[in-house]
Amino acid sequence: EDPSLERHFKGHRDAVTSVDFSRAKKQLASGSMDSCLMIWSMKPQMRAYRFLGHKDAVLCVQFSPSGHLVASGSRDKTVRLWIPSVKGESTVFKAHTGTVRSVHFSSDGQSLVTASDDKTIKVWTVHRQKFLFSLSQHINWVRCARFSPDGRLIVSASDDKTVKLWDKTSRECIHSFCEHGGFVNHVDFHPSGNCIAAGGTDSTVKLWDVRMNRLLQHYQGNSVVNSLSFHPSGNYLVTASSDSTLKILDLLEGRLLYTLHGHQGPATCVAFSRDGDLFASGGSDEQVMVWKTNFDADYGEVVKPQKYSSSVDGTHGTGVEMDGGIHHKKTKTQDSVRTHEQQEEETSLANTLEHIMGQLDVLTQTVSILEQRLTLTEDKLKECLETQQKIIQNKTN
């Protein structure tokens, strides 16, 4: 079966710039040039929420791993953290001096990495909402920055035509990939953490091994690649292009699997759900579309390490091998060793932890909002007192 259009969301009043699913797929967040953040419910007939706060175009959105927070970045140079509830309250992070193009949570939900036209990448703590440090070696706008799955590395993509790999602890740039012939719009880590994929204005998608820093695969398209997302299995990659298409690449076979035409005008963003059953896309046609994956019925099976040519267009016909290590899959025998009770205990423990993390998120957020209100109240009080002083002075005069 081919991927099929499942849902269609209309409500933005300008181009959609970014989409992301919450962990349990109950909600979908989208950002738009209309300065709004929308949260759509995946349940039919449930209303969508429109969150106002940014003073200019919202260029990036992402749910925290627990799903209890949403981060957004904007042309107004700020980053906001939202509680995706009816009230839609948010707190503001200010440190960038240019448009914020990218926000991304670390997989433990503790850190946030942001990228901006001020040519820097910044890292923040989520719970204390504190700015930690900047990475600044790019010499042009930084369009995208992502944590590796283990949180030890950061990858960034820039209009200086480079993709840079950073060590989060030492804060050093450990490698620059300079093979792109144009601006690099988007970059992300493979779920295994062993490789990265990047796409940009040179109409290519390139995959590099980050352990050996070598090019693994190169896909030549015929239009600007605006966004890409790895399927959680690590076997597929979906891209959104300016020719209005979404393309699904089979990374094991090293070939284009599907081209989907849904948007009228450039497809600007695309993202798989956390379980890979769905993917969402947004476009300059103001529409958000949700697609059923269908193409990957058997990715639960063990993936055999396969060798395949690195290239689709024949320009790199050297047959780079993708080592099997990139597909971390448990085999059947490993799984059966763990007892059912163990698995149940682990699941319930994970759920409890998840719940605690969520409560923490909300508490942090509430405290932060209260602090802001307190400051406002104090300011008002000060104003009142000053006015009173003036009145008393006027009377005595």
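The structure reproduced in this document is the subject of the present report. (Residues numbered from 1 in each chain as written. Predicted model: local features only at pLDDT ≥ 70, side-chain atom pairs only at ≥ 80, totals over all residues. Heavy atoms only, no water.)

What about the overall build of the chain?
Item 1. Broken down by element type, the chain carries 2 helices and 28 strands.
Item 2. Evaluated residue by residue, the chain yields a buried proportion of 52% over its 397 residues.
Item 3. For the chain, long-range pairs separated by at least 24 residues make up 48% of all intrachain contacts whose partners lie at least 6 apart in sequence.
Item 4. For the chain, the exposed area adds up to about 18800 Å²; of that, 51% sits on carbon and sulfur atoms. (Helix = DSSP H or I, 4+ residues; strand = E, 2+ residues; numbered from the N terminus. Buried < 20%, exposed > 50% of the residue type's maximum accessible area, 1.4 Å probe, protein only. Contact = heavy atoms within 4.5 Å. Areas by Shrake-Rupley, 256 points an atom, 1.4 Å probe, with all protein chains shown as cover.)

Focus: the pattern of salt bridges
Item 1. All chains considered together, the criterion is met by 10 salt bridges.
Item 2. A salt bridge links Lys25 to Asp275, with the shortest nitrogen-to-oxygen separation between them at 2.8 Å. Pair noted here: Lys25 is in the loop between strand 2 (16-21) and strand 3 (27-32) and Asp275 is in the loop between strand 26 (267-272) and strand 27 (278-283), with a separation of 250 residues, a long-range link.
Item 3. The exposure class assigned to Lys25 is partly exposed, which follows from its relative accessible area of 21%.
Item 4. Take Asp275: its relative accessible area is 31%, and that puts it in the partly exposed class.
Item 5. Put simply, Arg152 and Asp150 hold a salt bridge, and the shortest N to O gap is 3.6 Å.
Item 6. What makes Arg152 exposed here is its relative accessible area of 58%.
Item 7. Overall, Asp150 belongs to the partly exposed group, its relative accessible area being 48%.
Item 8. Taken together, the shared-partner salt bridges in this structure form one network comprising Lys25, Asp275 and Asp277. (Salt bridge = Lys/Arg side-chain N within 4 Å of Asp/Glu carboxyl O.)

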